[in-house]
Amino acid sequence: MKKILIVCGNGLGSSFIVEMNVKKIIKELGKEAEVSHTDLSSAKSEPADIYIGSNEIIASLDDGKRTVFGLNNLLDNAKIREILSENL
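Summarised in this report is the structure supplied together with it. (Residues numbered from 1 in each chain as written. Predicted model: local features only at pLDDT ≥ 70, side-chain atom pairs only at ≥ 80, totals over all residues. Heavy atoms only, no water.)

### Examining the side chain of D39
Part 1: Inspection of the secondary structure assignment puts D39 in strand 2 (residues 34-39).
Part 2: For the buried D39, which has no salt bridge, the nearest side chain bearing the opposite charge is K44, at an N-O separation of 9.1 Å.
Part 3: A distance of 3.1 Å separates the side chain of D39 from the backbone nitrogen of S41, its partner in a polar contact. (Helix = DSSP H or I, 4+ residues; strand = E, 2+ residues; numbered from the N terminus. Buried < 20%, exposed > 50% of the residue type's maximum accessible area, 1.4 Å probe, protein only. Lys, Arg positive; Asp, Glu negative; His and termini not counted. Salt bridge = Lys/Arg side-chain N within 4 Å of Asp/Glu carboxyl O. Polar contact = N/O pair within 3.5 Å; in protein donor to acceptor, adjacent residues only side chain to side chain.)

If you want it as structure tokens, here you go:
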């Protein structure tokens, strides 16, 4: 099962909202994945198959080894659905 990590600056409000949306979309797609949220500092040492966050935050995780996806709008469920459809 793939692990998806939702990342924001403090690991509180915005990442939690995106986590809930990701879980809903995964269910709608009939897929399975482990989904959690965290702050940027913790994300740097936490392994995951997919990292999702705002463009500004996620750029700090893009080391060429991680699979990262930046969002212009954290509430863009169409973009989240596209990411998940292509990567789960």
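### Some words on helix 4 (residues 77-87)
Part 1: Every buried residue of helix 4 is listed here: I80, I83, L84 and N87. For helix 4, the angular spread of the buried residues around the axis is 90 degrees, confining them to a single face. Summarising the geometry of helix 4, the exposed residues directed more than 90 degrees from the buried face are A78 and E86.
Part 2: In this structure, the buried residues of helix 4 make contact with strand 1 (3-8), helix 1 (13-29), strand 3 (50-54) and strand 4 (68-71). (Arc of directions from axis to C-beta. Contact = heavy atoms within 4.5 Å.)

### Brief notes about the environment of A43
Part 1: Looking at the secondary structure, you find A43 in helix 2 (residues 40-43).
Part 2: Classification of A43 as buried rests on a relative accessible area of 0%.
Part 3: Spatially, the C-alpha atom of A43 lies 10 Å from that of G9, the residues being 34 residues apart in sequence.
Part 4: Non-local contacts of A43, meaning those with residues more than four positions away in its chain, are made with L5, V7, T38, Y51, L61 and R66.

### Side note on the nonpolar core
Part 1: Ranked by size, the top nonpolar core spans 14 residues in total, and within it I4, V22, I52 and L84 carry the most contacts.
Part 2: If you list the elements that add at least two residues to this core, you get strand 1, helix 1, strand 3 and helix 4.
Part 3: Sort the elements by how many residues they give to this core and helix 1 lands first, with 4 residues.
Part 4: Every residue in contact with V22, bar those within four places of it in the chain, is listed here: I4, I6, V35, I52, I80 and L84.
Part 5: One finds V7, A43, L61 and V68 within the second-largest nonpolar core, a separate group that totals 9 residues. (Core = buried A, V, L, I, M, F, W, Y, C linked by side-chain atoms within 4.5 Å.)

Function cannot be inferred from these measures alone, as they are strictly geometric.
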